[in-house]
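Notes for the structure review
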Amino acid sequence: MASLPNGAAAASSAAGGAPPVDKEVDFANYFCTYAYLYHQKEMLCDRVRMDAYHSAVFRNPHHFRGKVVLDVGTGSGILAIWSAQAGARKVYAVEATNVAEHARELVRANGVADIVEVIQGTMEDIVLPEKVDVIISEWMGYYLLRESMFDSVICARDRWLNPGGVMYPSHARMWLAPIRSGLGDKKMEDFEIAMNDWNHFVEDTQAYYGVNMNALTKAYRAEHEKFYLKSSIWNNLHPNQLIGQPAVVKEMDCLTATVEEIREVRAQVTLPINQDRTRLAALAGWFDVHFRGSKQNPAVEEVELNTAPDENGGTHWGQQVFLMTPSPRVNEGDSVNVSFSMVRSKENHRLMDMDITYELHEASGRKLPAVATKIFLE
Ligand SMILES: C[S@@+](CC[C@H](N)C(=O)[O-])C[C@H]1O[C@@H](n2cnc3c(N)ncnc32)[C@H](O)[C@@H]1O
């Protein structure tokens, strides 16, 4: 997970006829934060994430013993070191940023420098001396696909994975669920406060310091609607905020997924409401990934990394909350038909633009008019 500047112009997607990636911009806007240990630490502190990868590797040593492993985006080097400890013959640990230096040091200090070779460079550019049996990577962004790092894993897989090789993780899913939540009220409050500040400039009978600011009111409102109301909200929800059944909006086999398939995700799902006298305040999105090995070479023990709402606190990915305004009253037995699309932003291929249309079907048979919203996953 990387912090990306809101709406910053960054690289465009290189795959499938899209304009080529501007690497300098991509380094300035995307890779920069990963170079810092404080940022790697945030991921190292996520115990749900760490436990899942650790269990996946050490409960399935047959995938690693005597094998050649590629770690895409090694960061601190942790997954590469585990792969070596699990018995890999050779591990190529590829990292774009200067954190590669720290990874090298950690590899040396943990006595696996004869097995792990840290290579600084982007996955797309580097050349390996041999094909690999396993690709391990922690590539997931908010709501799975933000950051578009899975493109680099696909590139690695298509260039370097031996036939019959195994992906870690092997499968991924995106989920969507209806929630009740006070988050929308807080957002509205912040929005009104910000709008009121502006209104002070405009309502002043005297011009503000001699300048009539009203000409910019419309632009200011549009900007603030985008950042306050139309951007998704990061949150670690409590499971009791869910008011209905979650549904899968995307499933991926990491061994066969293509960039085309993830550049645009579209789905239509029905979400049954299972609580009475509440409001559909928002939809929440999260993901899970699985470590199952492959059909030819399955895991002895399948491991799941789940970022769903969790009463024990969840993960650094949290969930993404997409506010529904207006938020209709709902009751048990109602259902919400959702038509969902998530497409890469034109300005920055690592951010996502979402279109969500929801239509409430009441248990009584009454159907409310469909409401369409545009939301930015930034
Ligand atoms: C989410 S972090 C994971 C770090 C480490 N593997 C871990 O699990 O703690 C992703 C890392 O991949 C690196 N990265 C992303 N895209 C890359 C690419 N195309 N080539 C090389 N490194 C990349 C980033 O700089 C970052 O350090």
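Residues numbered from 1 in each chain as written. Predicted model: local features only at pLDDT ≥ 70, side-chain atom pairs only at ≥ 80, totals over all residues. Heavy atoms only, no water.

This part takes up the overall build of the chain. If you tally the helices and strands in the chain, you get nine helices and 17 strands. For the chain, whose C-alpha radius of gyration is 23 Å, the value lies close to the compact-globule estimate of 21 Å for 378 residues. The principal-axis extents of the C-alpha atoms in the chain amount to approximately 75 × 60 × 40 Å. Here the chain, with 378 residues, has 53% of them falling under the buried criterion. Here the analysis covers contacts within the chain between residues at least 6 apart in sequence; of these, 76% occur between residues at least 24 apart. For the chain, the accessible area works out to roughly 17,100 Å², and carbon and sulfur atoms hold 50% of it. In the chain, 37 side chains carry a positive charge and 49 a negative one; their mean positions are 3 Å apart. (Helix = DSSP H or I, 4+ residues; strand = E, 2+ residues; numbered from the N terminus. Rg over C-alpha atoms; globule rule 2.2 N^0.38 Å. Buried < 20%, exposed > 50% of the residue type's maximum accessible area, 1.4 Å probe, protein only. Contact = heavy atoms within 4.5 Å. Areas by Shrake-Rupley, 256 points an atom, 1.4 Å probe, with all protein chains shown as cover. Lys, Arg positive; Asp, Glu negative; His and termini not counted. Charge placed at Lys NZ, Arg CZ, Asp CG, Glu CD.)

Backbone hydrogen bonds are what pair the strands of a sheet, in a parallel or an antiparallel way. Taking strand neighbours across the sheet as the criterion, the four strands line up as β9-β15-β16-β17 in an open arrangement whose pairing is antiparallel. Looking at which strands have only one partner, the edges of the open sheet turn out to be β9 (264–272) and β17 (371–377). If you compare each strand with its neighbour and ignore which way they point, the axes differ by 20° on average. Of the pairings in the sheet, the one linking β9 to strand β15 (residues 335–344) comprises nine bridges and is antiparallel in character. Pairing of Arg266 across the sheet is with Ser341, part of β15. (Pairing = 2+ DSSP bridges. Axes fitted to C-alpha atoms, helices over the stretch in contact; angles between N-to-C directions.)

Here we take up the packing of helix α3 (residues 47–58) against helix α4 (residues 78–85). Remark: α3 packs on α4, axes separated minimally by 10 Å, with the N-to-C direction vectors making an angle of 25°. Classified by the interaxial angle, the pair formed by α3 and α4 is roughly parallel. Like other packed secondary-structure pairs, α3 and α4 cross with a definite hand, here right-handed. Facing α3, whose interface residues are Met50, Tyr53, His54, Val57 and Phe58, α4 presents Ile78, Leu79, Trp82, Ser83 and Gln85. Taken together, the residues of the contact of α3 with α4 break down into seven nonpolar, three polar and no charged. (Parallel < 35°, antiparallel > 145°, perpendicular 65-115°, else oblique. Left-handed = near helix turned anticlockwise from the far one by under 90°. Nonpolar A, V, L, I, M, F, W, Y, C, P; charged D, E, K, R; others polar.)

This structure, assessed with the given rule, holds 13 aromatic pairs. Here the aromatic rings of Tyr30 and Tyr34 are separated by 5.7 Å at their centres, their planes lie at 80°, and the arrangement is edge-to-face. Taken together, the positions of Tyr30 and Tyr34, both in helix α1 (residues 23–34) and four residues apart, correspond to about one turn of that helix. Judged by its relative accessible area of 2%, Tyr30 is buried. Considering the side-chain rings of Trp198 and Tyr220, the 4.5 Å spacing of their centres and the 15° angle between planes classify their relative orientation as stacked. (Phe/Tyr/Trp six-rings, centres within 6.5 Å; stacked < 30°, edge-to-face > 60°.)

The next point concerns the nonpolar core. Judged by nonpolar contacts, the single largest core of 96 residues is most densely connected at Leu70, Trp139, Tyr143, Leu144, Val338, Phe340 and Met342. Ranked by the residues each element gives to this core, the list is headed by α4, at six residues. Counting the residues that make up this core, at least three belong to each of domain 1 (23–138) and domain 2 (174–181 + 233–377). Once residues lying within four places of it in the same chain are set aside, the contact partners of Val338 are Leu176, Ala267, Gln268, Val269, Leu271, Leu283, Ile356, Thr357 and Tyr358. Membership of the second largest hydrophobic core comes to 12 residues, among which are Ile179, Leu242, Ala282 and Ala284. (Core = buried A, V, L, I, M, F, W, Y, C linked by side-chain atoms within 4.5 Å. Domains from an automatic or database assignment.)

Here the focus is the environment of Thr74. Its place among the elements puts Thr74 in the loop between β1 (68–72) and α4. Here Thr74 falls in the buried class, since its relative accessible area comes to 5%. For the pair Thr74 and Val94, spaced 20 residues apart in the sequence, the C-alpha separation amounts to 5.7 Å. Discounting chain neighbours no more than four positions away, the residues touching Thr74 are Ala80, Ala93, Val94, Glu95 and Ala103.

Keep in mind that these numbers describe shape and distance, not what the molecule does.
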